[in-house]
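Single-letter residue listing:
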Amino acid sequence: VQLVESGGGLVQAGGSLRLSCAASGRALSSYAMGWFRQAPGKEREFVAAISSSGGSTYYNDSVKGRFTISRDNAKNTMYLQMKSLKPEDTAVYYCAAGAWPSERYLDIWGQGTLVTVSS
C-alpha cells in the first residue's frame, strides 16, 4: 500500500486543519492506521492511531480533546482533524499503516505534510 498525506499548511494558533491520508495499491480496510509527527530538532512522536474498522482510537495525551482521528474505508482515506492548534503542534505529520494500531506495528509510511502553527 502507498500512502499520501495532504492538508498541511500555515495556520494561526487556535485555528484548525484537517489532514488526509489517501491509500492506493491495497484496501485501507486491511490496515490499522496512525499519525505521527516530527518537529524540527526533535524525535518523531506518536499522535494518534485507529483500528482497521475504526472502532478503536488512541491518542497522545498532548492532543487528546483537540485532535480526532477517523477513517473512511470506502474512500480509502484516513483523517486527522486538528482543532485549537498550538505553536508546539508545528511539525511534519506522517501517516502510517500496519497490522495493529500500536506504534511498533505501524511500519508503512507516507512522505509527510508540514503543519506550521504561528503564534
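Please refer to the structure placed before this passage.
Residues numbered from 1 in each chain as written. Predicted model: local features only at pLDDT ≥ 70, side-chain atom pairs only at ≥ 80, totals over all residues. Heavy atoms only, no water.

Draft legend 1. Highlighting the overall build of the chain. Scanning the chain from terminus to terminus reveals zero helices and 11 strands. Going from N to C terminus, the chain has its helices and strands arranged as β-β-β-β-β-β-β-β-β-β-β. A compact globule built from 119 residues should have a C-alpha radius of gyration of about 14 Å, and the chain, at 13 Å, falls within 12% of that. Considered along the principal axes of its C-alpha atoms, the chain spans approximately 40 × 25 × 25 Å. Restricting the contact set of the chain to residue pairs at least 6 apart, pairs at least 24 apart contribute 55%. Carbon together with sulfur atoms contributes 47% to the accessible area of the chain, which is approximately 6000 Å² in total. Here the chain contributes 12 positive and 9 negative side-chain charges, whose respective centroids are spaced 5 Å apart. (Helix = DSSP H or I, 4+ residues; strand = E, 2+ residues; numbered from the N terminus. Rg over C-alpha atoms; globule rule 2.2 N^0.38 Å. Contact = heavy atoms within 4.5 Å. Areas by Shrake-Rupley, 256 points an atom, 1.4 Å probe, with all protein chains shown as cover. Lys, Arg positive; Asp, Glu negative; His and termini not counted. Charge placed at Lys NZ, Arg CZ, Asp CG, Glu CD.)

Draft legend 2. Focus on the pairing of strand S8 (residues 77–82). Buried residues dominate S8, accounting for five of its six residues. Inspection of the sheet shows strand S3 (residues 17–24) paired to S8 by six bridges, in the antiparallel sense. Paired with Cys21 across the strands is Met78, a residue of S8. In this sheet, S8 lies alongside strand S7 (residues 67–72) in antiparallel orientation, the contact comprising six bridges. Residue pairing across strands places Ile69 opposite Leu80, the latter belonging to S8. In sequence, S7 turns back onto S8 through a hairpin of four residues, with Asn76 there showing a positive phi of about 55°. (Buried < 20%, exposed > 50% of the residue type's maximum accessible area, 1.4 Å probe, protein only. Pairing = 2+ DSSP bridges.)

Draft legend 3. Examining the sheet that holds S7 more closely. Ordered by their spatial adjacency, four strands build an open sheet running S1-S3-S8-S7, and the pairing between neighbours is antiparallel. Since the sheet does not close on itself, it has two edges, and those belong to strand S1 (2–6) and S7, each with one partner. In this sheet, neighbouring strand axes are inclined to one another by 15° on average, regardless of whether the strands run parallel or antiparallel. (Axes fitted to C-alpha atoms, helices over the stretch in contact; angles between N-to-C directions.)

Draft legend 4. Molecular detail of the packing of aromatic side chains. With the rule as written, the count across this model stands at three aromatic pairs. Taken together, a centroid distance of 6.5 Å and an interplanar angle of 85° make the contact between Tyr94 and Trp109 edge-to-face. Taken together, the positions of Tyr94 in strand S9 (residues 91–98) and Trp109 in strand S10 (residues 106–109) put the pair 15 residues apart, joining distant regions of the chain. Through a chain of ring-to-ring contacts, the aromatic side chains of Phe36, Phe46, Tyr94 and Trp109 assemble into a single cluster. Note that Arg44 overlies the ring of Phe36, its terminal NZ or CZ placed 5.7 Å from the centroid. (Phe/Tyr/Trp six-rings, centres within 6.5 Å; stacked < 30°, edge-to-face > 60°. Lys NZ or Arg CZ within 6 Å of the ring centre and 35° of its normal.)

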